[in-house]
Amino acid sequence: DGIRDPHWDRVRGDVYKRQVATQSKRKREIMTLEEVRKKTIDSLSLKDTTANPAPLGLLGFGLTTVLLNFHNAGFYELNTMILAMGIFYGGLAQIIAGMMEWKKNNTFGTTAFTSYGLFWLSLVALILLPSLGLGTATSKPAMAAYFFMWGLFTFVMFLATLRLNRALQFVFLSLTILFLLLAARDYLGSATIGTLAGYEGIICGLSAVYTGLAQVLNEVYKKVVAPLGPMY
């Protein structure tokens, strides 16, 4: 009984080797499956099926700008229609568009629409807060500084449009000029510059309306109906 059988030793050795080989094979298969899974996840891209928010933002900005600058050009008084447009369409609609652009990973759209939406809300606040007894009226030099800083911001945003399309370039360049004219009006106290700013602002607003509606028409008809002048 104490004598070991060489035959059974070889059998046990062969079984052990097969077990080790089987375990090694399973580990390789598991590693291969893990690699395939990782490569599949890395190469997987989700298709963006959300709508383009840019037309909403551009139209919110454009229509409100046109209506305000009809006032600046002298066609009618500053009234609640302008303030309501500034709060809801120029303000909230643009902020919503900016949040949607963030979802699309569009830094330019997020920055532009959110900023100008808050611009409109701040402008309405500057007009309404003193009448509600929540602060003193803003002086003309302070308003000049306000418009100048928005003009500076808009000019830098204009530089970014040089990589986008001609329509946006016109919108942002004309808006830069509008802000600087408004700053000059308040700093110099010139009614003539204010009227000029009004007409220039109407052109700026209409260009934004065109750019927004062009994107809607081009998408609906699936062809270029209204050109935007893309940069190649």
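For the structure, see preceding data.
Quick look at the structure, then. (Residues numbered from 1 in each chain as written. Predicted model: local features only at pLDDT ≥ 70, side-chain atom pairs only at ≥ 80, totals over all residues. Heavy atoms only, no water.)

1. Looking at the overall build of the protein
Here is step 1 of the chain: In terms of regular secondary structure, the protein is built from seven helices and zero strands.
Here is step 2 of the chain: Counting from the amino terminus, helix and strand elements in the protein follow one another as α-α-α-α-α-α-α.
Here is step 3 of the chain: For the protein, buried positions account for 36% of its 232 residues.
Here is step 4 of the chain: Restricting to contacts in the protein with at least 6 residues of sequence separation, those with at least 24 account for 67%. (Helix = DSSP H or I, 4+ residues; strand = E, 2+ residues; numbered from the N terminus. Buried < 20%, exposed > 50% of the residue type's maximum accessible area, 1.4 Å probe, protein only. Contact = heavy atoms within 4.5 Å.)

2. A short note on the packing of aromatic side chains
Here is step 1 of the chain: Enumeration according to the criterion identifies 17 aromatic pairs in this entry.
Here is step 2 of the chain: In textbook terms, an aromatic cluster arises when at least three aromatic residues are bridged by ring pairs, as seen for F61, F108, Y116, F119, W120, Y146, F147, W150, F153, F172 and F179. (Phe/Tyr/Trp six-rings, centres within 6.5 Å; stacked < 30°, edge-to-face > 60°.)

3. Digging into the environment of A214
Here is step 1 of the chain: Residue position: A214 is located in helix α7 (residues 191-221).
Here is step 2 of the chain: Along the sequence, A214 and P227 sit 13 residues apart, while their C-alpha atoms lie 7.1 Å from each other.
Here is step 3 of the chain: Excluding its chain neighbours within four sequence positions, the residues that come into contact with A214 are A226 and L228.

4. Structural notes on a nonpolar patch on the surface
Here is step 1 of the chain: Together, L78, I127, L128, L129, L132 and L134 give the surface a local cluster of nonpolar side chains, amounting to about 510 Å² of exposed area.
Here is step 2 of the chain: The residue L132 is located in the loop between α4 (107-131) and α5 (140-161) in this model. (Patch = residues over 30% accessible without salt bridge, like charges linked within 9 Å, V, L, I, M, F, W, Y side chains within 5 Å. Areas by Shrake-Rupley, 256 points an atom, 1.4 Å probe, with all protein chains shown as cover. Salt bridge = Lys/Arg side-chain N within 4 Å of Asp/Glu carboxyl O.)

5. Looking at the pattern of salt bridges
Here is step 1 of the chain: By the definition in use, this model includes two salt bridges.
Here is step 2 of the chain: Across the pair K140 and D186 runs a salt bridge whose closest N-O atoms are separated by 3.9 Å. Here K140 is found in helix α5, whereas its partner D186 is found in helix α6 (residues 166-188), with 46 residues between them in sequence.
Here is step 3 of the chain: Here D186 ties to R185 by a salt bridge, and the two come within 3.1 Å at their closest N and O atoms.
Here is step 4 of the chain: Overall, D186 belongs to the buried group, its relative accessible area being 5%.
Here is step 5 of the chain: Salt bridges here are not isolated pairs; linked through shared partners, they connect K140, R185 and D186.

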